[in-house]
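Inside the fold
The primary structure of each chain is shown beneath.
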Amino acid sequence: DARVTQTPRHKVTEMGQEVTMRCQPILGHNTVFWYRQTMMQGLELLAYFRNRAPLDDSGMPKDRFSAEMPDATLATLKIQPSEPRDSAVYFCASKVRGAVVEAFFGQGTRLTVV
Amino acid sequence: QKEVEQNSGPLSVPEGAIASLNCTYSDRGSQSFFWYRQYSGKSPELIMFIYSNGDKEDGRFTAQLNKASQYVSLLIRDSQPSDSATYLCAPASGGSYIPTFGRGTSLIVHP
């Protein structure tokens, strides 16, 4: 059962703490996306990687957010320090580059910063 | 301003009716579009991809693209309560077909 796996599913943290969200893309997928979803802004693209290289992170607040792919099976999104306005659902998605267009989404990490 | 504009709704239709979901976009360079469906508390899933002007049909779903008017729509025929969800329109950006989403339209199909 190929699927994108995100951990944790839920995270509650205090303002100022570091948060790390993890994503395991579908095996063989070489393009990985991070999205953030809020009621106000909808689903926003934060960053994406191809073959583990960051191609675009222009949607991400640079001062506190960082995204990496230490290896082909793991993508991470870190927030340090976290703020209440970071409360959202963070989705990871993966796809195969090229003519196959469908991106498959993980179940998301619901982050609450208090 | 987002690149894609959708009426947030909710759009309420009776069971069996045709639901019409609309999306306008600002980038004339956009060539292809996704429609994703997102159930409450779940992740988005792809239901349609369209890249040519005109209509594309898949079962009860028809996507329509008008590049001259910068308009893309999704029609759902014989709407069912199980179609109640948020529908997200997204231009496919770049060679990797990256979805960049609008806020989505909430659809409610009532029995």
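Predicted model only: the values in this text are computed from it and were never measured.

Before going further, it helps to examine the overall build of chain A. A count of helical and extended segments in chain A gives 0 helices and 11 strands. In sequence order, chain A lays out its α and β elements as β-β-β-β-β-β-β-β-β-β-β. Relative to the compact-globule value of 13 Å for 114 residues, chain A shows a C-alpha radius of gyration of 13 Å, a close match. Reported as C-alpha extents along the three principal axes, the dimensions of chain A are approximately 40 × 30 × 25 Å. Counting contacts in chain A only where the partners sit at least 6 residues apart, residues at least 24 apart contribute 54% of the total. Of the roughly 5,800 Å² that chain A leaves accessible, carbon and sulfur atoms contribute 51%.

Attention now goes to the pairing of strand S9 (residues 88–95) of chain A. All names here are of chain A. When you tally the buried positions in S9, you get 8 out of 8 residues, the bulk of the element. The two faces of S9 match: Ala88, Tyr90, Cys92 and Ser94 on one face and Val89, Phe91, Ala93 and Lys95 on the other face are all buried. Across 2 bridges, the pairing between S9 and strand S10 (residues 104–105) is antiparallel. Its bridge partner lying in S10, alanine 93 is registered against phenylalanine 105.

A separate point is the interface of chain A and chain B. Counting residues at the interface gives 21 residues for chain A and 18 residues for chain B. Taking both sides of the interface into account, the surface hidden between chain A and chain B amounts to around 1,600 Å²; carbon and sulfur atoms contribute 57%. The largest share of the area that chain A buries against chain B comes from A:Leu43, A:Val101 and A:Phe105, three residues that together contribute 32% of it. Taken together, the connections running from chain A to chain B amount to 0 salt bridges. Of all the secondary-structure elements, those providing two or more residues to the side of chain A that touches chain B are strand S4 (31–38), strand S5 (42–50) and S9 of chain A. If you tally residues by element for the side of chain A that touches chain B, the top one is S5(A), at 6 residues. For the side of chain A that touches chain B, a count of residues per class yields 10 nonpolar, 6 polar and 5 charged.

Rules of the game
Residues numbered from 1 in each chain as written. Chains lettered and ligands numbered in written order. Predicted model: local features only at pLDDT ≥ 70, side-chain atom pairs only at ≥ 80, totals over all residues. Heavy atoms only, no water. Helix = DSSP H or I, 4+ residues; strand = E, 2+ residues; numbered from the N terminus. Rg over C-alpha atoms; globule rule 2.2 N^0.38 Å. Contact = heavy atoms within 4.5 Å. Areas by Shrake-Rupley, 256 points an atom, 1.4 Å probe, with all protein chains shown as cover. Buried < 20%, exposed > 50% of the residue type's maximum accessible area, 1.4 Å probe, protein only. Pairing = 2+ DSSP bridges. Buried area = accessible area lost by both parts, 1.4 Å probe. Salt bridge = Lys/Arg side-chain N within 4 Å of Asp/Glu carboxyl O. Nonpolar A, V, L, I, M, F, W, Y, C, P; charged D, E, K, R; others polar.

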